[in-house]
Structures are given as structure tokens and as C-alpha cells.
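Each chain, written out:
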Protein chains: 2
Amino acid sequence: MTKTAKPPLLPTALPMLDTPAAVIDVPRMQHNIRRMQSRMDALGVRLRPHVKTSKCVEVARAQIEAGAAGITVSTLKEAARFFDDGVTDILYAVGMVASKLPAALALRRRGCDLKILTDSVASAQAIVAFGAEFGETFEVWIEIDTDGHRSGLVPEGDALLDVARVLHDGGASLGGVMTHAGSSYDVDTHEALVAIAEQERAGCVRAATRLRDAGLPCPVVSVGSTPTALTAEHLDGVTEVRAGVYVFFDLVMHNIGVCTADELALSVLTTVIGHQADKGWAIVDAGWMAMSRDRGTQKQKRDFGYGQVCRIDGSLVPGYQLSGANQEHGILSREGEPDLDIVARFPIGTLLRILPNHACATGAQFPEYHAVAPDRDLAVWSRLHGW
Amino acid sequence: MTKTAKPPLLPTALPMLDTPAAVIDVPRMQHNIRRMQSRMDALGVRLRPHVKTSKCVEVARAQIEAGAAGITVSTLKEAARFFDDGVTDILYAVGMVASKLPAALALRRRGCDLKILTDSVASAQAIVAFGAEFGETFEVWIEIDTDGHRSGLVPEGDALLDVARVLHDGGASLGGVMTHAGSSYDVDTHEALVAIAEQERAGCVRAATRLRDAGLPCPVVSVGSTPTALTAEHLDGVTEVRAGVYVFFDLVMHNIGVCTADELALSVLTTVIGHQADKGWAIVDAGWMAMSRDRGTQKQKRDFGYGQVCRIDGSLVPGYQLSGANQEHGILSREGEPDLDIVARFPIGTLLRILPNHACATGAQFPEYHAVAPDRDLAVWSRLHGW
């Protein structure tokens, strides 16, 4: 990882926190938000951030203030929370099933402009039947599969038109098509990312074209993942982009190559609680309960274990990682040769910050974030938990 | 996995839950509690369950009603919660540091019989200095390393006596020695487990003997992990055992060989939300946010992906697993050949239950459990989150 050239950030209140604690570097977060928004502005598309990364209203507010148009959520509980905070344009980006329609209806009845998603005739039929029963015109988007990694209908198949007709003929509002190029997480060269971004764009635009050619409405063409959003060469035919993890970035994104080390805005503050000096280990109070079990860098070009070690001011300590983790114990060690001076380097009581593999997973381990900015005290930002 | 011979458990309320949901099979949990308690009774030792697995007062109450003597916690927040629920004898089983002493003092001043832990002269000095300053006699246990996997002092080293003398001479109450054979998670034969259990017992007893031979008190000799607790052939010299995950068990424990499939008491209720029929995939709404990112069976004799599929009544569907997971999407597939009848087998809306790799990690993803028993309605049991 490259070293940061920016001045370190050390609010005087940071050493007062109980550890482990999830710390947001607010200037970095704001930089990341501006970076993505300005790129979307330049590409001529709207940005609909995926709030599943932060699950935090203060973070979403910062995204909206910077220009985001609506949000994407991964659960209906998120939709309710962010709607309560004043966000009305919300896409629930997981396939709808009958059992969740009452909760979706309740949100719409309260005034939420909730859009729901499907990729099957069966669910489309359930949506229109429920809509007819309760007199509700649901706005439904159709999920498109552009890389075979998860859900969605292929752009060229018959099922796309079948589903669209069930919705349209059944009285639902056909809002558009959406896709997510999850396979962008599996590559780490600019060329490969550009290719996946183009595949994502072209596939989703093709699906929209097929719907329109069949006389069906398709106002929205929604694509996105953080890696493809940051590498797409153009987004012709696309109306909006969804991306989530860019707001914090993480070591997985760093390995993919779409951020620098000094853009990582989420870290876990931890205390050194012991050593195994002959092994070169420091034991810290950030175990997997704090870091999460996510080992997303394991298959990437550089494996960071359970996280990269930084000093309390956020500056990197190159070569030092959490190499192992129990529930409340992290094992901090040097790559390669053991550091036999580990006790002197990181005495008991030393505060460190650990950059996580995957910001969405690490954030989820904490009920709240501690947001730090140089010009003000720590702020506590609550985070949504559960369903 | 072997099939269960027990009658399936299907409270009528289960299909009413929002999914994903963490479900406790209460009869199985009670069976697991009785099994461990009766084994400890037969071995002539006290049982101090580790509540880090459930973080739930109703579960701990069931353990105490069955005969447990005190509890073990992994955070001071757990200590406060369980003390508020009436538990007074609490071991905080993570090495103490100076910054956490005020919280420990506050608990003791409220009447909590909190025992704290150390494995270093530096922390021992901090404890006695703080105790002297605030007029508090802390009860301190010394952590022993019997298998090199994490923290602790080796039984034969000078440091053991050094730490003990700092504590004793400084006015702390030397409560005893404790060890945790974490390496028992790395084996899967009875013979290997018996050997690790004996190494754990013998090392901890040896440490106690050295303290006593030096004229120092050592009333408690505490060992434990679920695998060693269930396989130790005798516990001569040991006074208490700590174990946590036995209360629910999980697929990792099943692979280790210390439980049968019908003892797994925690599962995640999930709904089928879609398919990729040509790949033999069903998509469910339990992704890694519900299951956790724990892939503990990956290195074991059988890899269960993100979990083993069961019907809603808890009966196994052999060969079907969550083979992949995104945040709110699980990919359910058959091992080996794709199931091209997956749509008919698991139609959209089907409710399933997924057995997790690691109960401690999966439970942590949920704010509450839904406890099911055949003779009564579902109960909602809250779960502690964060630090």
C-alpha cells in the first residue's frame, strides 16, 4: 500500500473511546462522496447510493447533500429507517416475495416512493395480485443478469418480456431495469474492470431496448457496483448508477485497484492487551467480532489477514496485519519474519486503528460509528442492525 | 450428517416471522445444556458457561437453572448486562488493560463479583496500582497458554511467578489460573481431542501447582473449550470448566465430532426469493449478513459453504447448502451435480432453515432470537450487540 501524503487526523477525543470502536474519518468519507458524485455528474447519470454499506442516516445525508438522487437499500427495515429520516425515493434492491409485500405496501401508504424488484413471473404475479387486492400501483423494476454471478434475467431471454408483460398487464408501473456487476469484485486490472463495466452497461441497456421495442415502458436503466462505477468509460443509455462501498472503501477495493490507501475512511480502533513476544505477536482487543469474519482479501493479490494496522493518527504501519482472530482477540504480527521487538514497538495499552477487508461487513459488527473530523469533537452516529 | 430421529418441531407461528430470522430450537438447547452439565457433574467440576455464544439472558438463565456456577463473558458490556439480570459471579476472560479498569471497578462497586484476567507483568502492575488508588481488591486470574494458539503464560516459565507475585504483593486477590485449548478446533478425531484435553488439563494444573509450591494462593483451576470439555477423560486438579458454543452447537462442532446433527439448536429461517434454474440455484434471503462471513468448515473434513439446508421443521435436506452469499442473497445449491429441478423443489416463497457454520458468529448478526418450543408460542429473546 502507498503511504498517505495527507496530514494525519487525531482528534484529542479518540483516546477516550472504549475499544474496539468503529471510526469514520469524515474528511476521507466526504472526499469519497465527492469523488463518486463528480464522476457520475461527468458521465451524465444520477447516483443512487447503496446505503447497505453504512446503514447510517448521517452518512446518507452527506451523500444526498452532495447530489445523490434517492438511495438503494438491502432490507425493508433500511427503507423504513431512511424514509423516517426524510428520504422518499428508495429502491429495495432484493427480489420481492409475497410475504414482504405488506411491509412494502405500508411504506408506500406512508408516502414512501418505494420501488421494488423482481426477476420471475411467479413474483411478478404475486405483486400484481397483491396490488389489485389492495388498490396499490407498485413501481417494479426488473433485475437483469449481466455476469452470471447472482440473480436476474438475461437480457436476451424470453423471460424478460414475460415478466414485464405480467407486471404491465397486471397494472404495476414498470419502472425500469437494473443490474449489478458483482463479478467486478473478482478482478484487479483496469482493463478487466473496464470490460466488466461495459458488459454491465451494454447488457442492461440491451434489456431496456428489448422492453421498449416490445412497446413496454422502461424509464430507468440502473447499473452499478463501486468498481464498475469508477472505471466505466461511458454510460450511454444508462440513467443511474448504484454503488455502496465507495463511501468508505476498504482493503478489497484497494486490491481491486479503485482506491488509494488514504481513501479508506473506516477503521477499527483497538487497544494492545498483551503479547507473545517470542512469536512476534501483539494481542489486540479487535477480534473477529469487531473486524467481522470477512476474509475478502484472501483470494486477492495481497492478503491482509483480518486487516491492515495503522497508528492512531491513521498512518499506515506497513507490513503489520491482524494475522489471526478469535472472537475478542486479534493477533497482530509482521508479514514474513516475526518482529521480536513487538513488545517495545506496541506496548500494552497502545491504541491502533485497523483497516478492514470489507467495510460493509465490519461496520455491521457495531451499533454505532464514531465520526471524527479535525475541526470538531467526535460524533456518535447510530447504525441499523437486523431486519 | 446423520438424520435426526427426533420428531420435527414446527410451531405454527414460525411461518409468520419476517425472514431472515435467528431461530432457537429450545428443546435441543435444553438437551445440550443438560448434556454438558451432567458431564461436568460426573467429572466433579463446576461449569462456568461462556455467554459470548448467545449473549442472551434467557439462555444464560437456562444454563444457571441447570446447575452452572457463574458465567464467563468476552466483554465488559456482557458483564454489565448479565449482572443486571442477577448473575454476580462473572469472569471477564480477556486480558485486562488499564483503560478498562474503571468499568471493571464500577461493576465491582455495584456488587458484581467480577474476576479479571492478566498474562503480563505490565497489566498486573496496572491492576494493583489502580486497585491501590481506588481502594479496591480486584480478584485476578492468570491466563495460561497450554497450546500456543493465543494469549497466556506457559506453565513452566518464570513470567508466571513474576506476574503472580506482582499481583499478590500488590494487594490483589489471586483467584486462580485459566486456560483455553483453542487448538481443539483444529482436529476431528476423538483421540486427538482427548490428547488436547489432557494437555489443557495438565498444563493448567501444573501452573497451579507451581504457584502453590511458591507459597501463592491458587484456588481456581479453570480450563475449557466445548470440544475438550466433551472429550476429557478426567479433570483431576481442575475446579471448573468453561465452554460456550455447546449451548447451540454448529457445523464446525459437528465436523469436529462432538455433536450430532440433531443437536444443532440455532438456525436461520429464510425465504426462497428466486432461482437461476439452469444453474440449479435457488436464491434465498439469508446472505452473509444473516449467516455471517464465518467459513469455519472450509478447512474441515466437510465444507458446508455458508450453511446446511433444512426444511422448516428442522429436518435436513442432505446435500443442499448455501454455496455462496452476498450481503442479502444466499445461493442455495446441491453439492456435485446441479439440481435442475430446483424451482419445483424449492418454489419461490418456500421457508427453509439454514444451520450455520459457527453459532457465535451467526447469532451476532441478529438483534434477537426467536425461541421455538412445541408447547408454546414463539418467544423473542433479545441479544446483546456491540461493546
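What counts and what doesn't
Residues numbered from 1 in each chain as written. Chains lettered and ligands numbered in written order. Predicted model: local features only at pLDDT ≥ 70, side-chain atom pairs only at ≥ 80, totals over all residues. Heavy atoms only, no water. Core = buried A, V, L, I, M, F, W, Y, C linked by side-chain atoms within 4.5 Å. Buried < 20%, exposed > 50% of the residue type's maximum accessible area, 1.4 Å probe, protein only. Contact = heavy atoms within 4.5 Å. Pairing = 2+ DSSP bridges. Helix = DSSP H or I, 4+ residues; strand = E, 2+ residues; numbered from the N terminus. Axes fitted to C-alpha atoms, helices over the stretch in contact; angles between N-to-C directions. Buried area = accessible area lost by both parts, 1.4 Å probe. Salt bridge = Lys/Arg side-chain N within 4 Å of Asp/Glu carboxyl O. Polar contact = N/O pair within 3.5 Å; in protein donor to acceptor, adjacent residues only side chain to side chain. pLDDT = per-residue confidence, 0-100. Right-handed = clockwise from strand over helix to strand, strands pointing away. Least-squares fit on C-alpha atoms with pLDDT ≥ 70 in both. UniProt positions renumbered as here; feature names shortened; annotations may be inferred. Phe/Tyr/Trp six-rings, centres within 6.5 Å; stacked < 30°, edge-to-face > 60°. Domains from an automatic or database assignment. Nonpolar A, V, L, I, M, F, W, Y, C, P; charged D, E, K, R; others polar. Disulfide = S-S within 2.5 Å. Parallel < 35°, antiparallel > 145°, perpendicular 65-115°, else oblique. Left-handed = near helix turned anticlockwise from the far one by under 90°.

Colleague: Looking at this structure, how should I read the nonpolar core?
Modeller: Among soluble globular proteins, nonpolar side chains are generally buried collectively. Within the largest apolar cluster, 247 residues are counted, with the highest numbers of intra-cluster contacts made by A:I142 and B:I142. Apart from residues lying up to four places away in sequence, B:I142 is in contact with B:L117, B:T118, B:L153, B:L160, B:V163, B:A164, B:L167, B:L174, B:G176, B:V177, B:M178 and B:L211.

Colleague: Honestly, the sheet that holds strand β6 (residues 139–144) of chain B in this entry has me stumped. Any pointers?
Modeller: Within a sheet, adjacent strands bond to each other through the backbone by hydrogen bonds, running parallel or antiparallel. Residue and element names in this part refer to chain B. On the basis of which strands lie adjacent, the open sheet formed by eight strands has the order β2-β9-β8-β7-β6-β5-β4-β3 and parallel pairing. Every other strand in the sheet has two partners, leaving β2 (46–47) and β3 (71–73) as the edge strands with one partner each. As paired strands, β6 and strand β7 (residues 173–179) are joined by six bridges and run parallel to one another. Note on β7: the bridge partner recorded for I144 is T179. Relative to strand β8 (residues 220–223), helix α7 (residues 190–213) is tilted by about 160°, and along the sheet it contacts β6, β7 and β8.

Colleague: Can you walk me through the interface of chain B and chain A in this structure?
Modeller: You'll often see interface size given as the accessible area lost when the parts meet. Listed per partner, the contact involves 51 residues of chain B and 51 residues of chain A. For the pair chain B and chain A, the summed buried surface comes to about 4,300 Å²; carbon and sulfur atoms form 55% of the total. Among the residues chain B hides against chain A, the three largest losses belong to B:R150, B:H385 and B:W387. Together they make up 18% of the total. At the boundary of chain B and chain A, one finds four salt bridges. The interface formed by chain B and chain A contains 25 residue pairs in polar contact (both at pLDDT 80 or more). Put simply, the parts of the chain that give the side of chain B that touches chain A at least two residues each are β4 (89–95), α5 (121–134), β10 (266–276), β11 (281–284), α10 (288–291) and α12 (359–363) of chain B. Broken down by element, the residue count for the side of chain B that touches chain A peaks at four residues, all from β10(B).

Colleague: How do you make sense of the confidence of the model for chain A when you look at a structure like this?
Modeller: Residues of chain A with pLDDT of at least 70 account for 97%, and the chain-wide mean is 96. Considering only residues more than four positions removed or in separate chains, one finds that residues 1–8 of chain A, a stretch of pLDDT under 50, has 18 contacts.

Colleague: Looking at this structure, how should I read the pairing of strand β6 (residues 139–144) of chain A?
Modeller: As a general feature of sheets, a regular strand has side chains that alternate between the two faces. Residues and elements named next belong to chain A. Burial runs high along β6: six of the six residues are buried. Residue alternation in β6 divides its side chains into two sets, E139, W141 and E143 and V140, I142 and I144, and both sets are buried. Considered for its hand, the β-α-β crossover made up of β6, helix α6 (residues 158–169) and strand β7 (residues 173–179) is right-handed.

Colleague: In this structure, what is going on with the relation of the copies chain B and chain A? I would like to understand it.
Modeller: Applying a rotation about an axis and a shift along it to one chain copy brings it onto the other copy. Relative to chain A, chain B is turned by 180° and slid 0.0 Å along the rotation axis, the superposed coordinates differing by an RMSD of 0.0 Å. Accordingly, the operation relating the two chain copies is best matched by a two-fold axis. Considering only C-alpha atoms, the residue of chain B closest to the rotation axis is B:R293, which sits at 2.5 Å. Looking at the interface residues of chain B, 100% of them are also at the interface in chain A, so both copies use one shared face.

Colleague: What's the story with the side chain of A:E240 in this structure? I'm lost.
Modeller: Assignment of secondary structure puts A:E240 in strand β9 (residues 240–241). Separated by 2.7 Å, the side chains of A:E240 and A:S222 make a polar contact.

Colleague: Teacher, can you tell me more about the UniProt feature "domain: D-serine dehydratase-like" (unreviewed entry) in chain A here?
Modeller: Mapped onto this numbering, the UniProt entry gives "domain: D-serine dehydratase-like" (unreviewed entry) at residues 265–373 of chain A. Here residues 265–373 of chain A runs as 12% helix and 41% strand, with 11 Å between its end C-alpha atoms.

Colleague: Please clarify how the packing of aromatic side chains should be interpreted in this entry.
Modeller: Each aromatic ring pair is summarised here by two numbers: the centre-to-centre distance and the angle between the ring planes. On inspection of all chains with the given rule, the structure shows 10 aromatic pairs over all chains. Measuring from centroid to centroid gives 4.8 Å for A:F366 and B:W387, while their planes differ by 35°, and the two rings are tilted. Of this pair, A:F366 sits in the loop between α12 (359–363) and β16 (368–373) while B:W387 is found in the segment after β17 (376–382), placing the two residues in two different chains. Owing to a relative accessible area of 2%, A:F366 belongs among the buried residues under this scheme. With relative accessibility at 22%, the residue B:W387 sits in the partly exposed group. Centre to centre, the rings of B:F130 and B:F138 are 6.2 Å apart; their planes meet at 35°, and the pair counts as tilted. The exposure classification of B:F130 matches that of B:F138, with both residues buried.

Colleague: I would appreciate a short explanation of the domain arrangement of chain A in the present structure.
Modeller: All names here are of chain A. We note that the domain assignment places domain 1 (14–22 + 258–382) and domain 2 (44–246) within chain A. Between domain 1 and domain 2, the C-alpha centre-to-centre distance is 34 Å. With eight residues of domain 1 at the contact, the number on the domain 2 side is 16 residues. Among the residues domain 1 hides against domain 2, the three largest losses belong to V258, C360 and W381. Together they make up 51% of the total. Here domain 1 and domain 2 share zero salt bridges between them. There are one residue pair in polar contact (both at pLDDT 80 or more) connecting domain 1 and domain 2. For the side of domain 1 that touches domain 2, the secondary-structure elements that each account for two or more residues are α12 and β17 (376–382). Of the residues belonging to the side of domain 1 that touches domain 2, the class tally is five nonpolar, two polar and one charged.

Colleague: Help me understand the state of the cysteines, please; the structure alone is not making it clear to me.
Modeller: Covalent bonding between the sulfur atoms of two cysteines is what defines a disulfide. Residues and elements named next belong to chain B. Summed over the entire model, instances satisfying the criterion amount to zero disulfides over all chains. Cysteine C112 shares no disulfide, and the gap to the nearest cysteine sulfur, in C56, comes to 18 Å. C218 takes part in no disulfide bond, and the closest cysteine sulfur to it belongs to C204, at a distance of 7.5 Å. Assessed through its relative accessible area of 4%, C218 is described here as buried.

Colleague: Explanation requested: the packing of helix α3 (residues 76–84) of chain B against helix α4 (residues 101–109) of chain B in the structure shown.
Modeller: Axes are the key here: two packed helices are described by the angle between their axes and the distance separating the axes. All names here are of chain B. Running from amino to carboxyl end, α3 crosses α4 at an angle of 10°, the nearest separation of the two axes being 10 Å. Of the possible angle classes, the one that applies to α3 and α4 is roughly parallel. Remark: the crossing between α3 and α4 carries left-handed chirality. Counting all contacts with α3, which are made through L76, A79, A80 and F83, the residues of α4 involved are A103, A104 and L107. Looking at the contact of α3 with α4, its residues break down into seven nonpolar, no polar and no charged.

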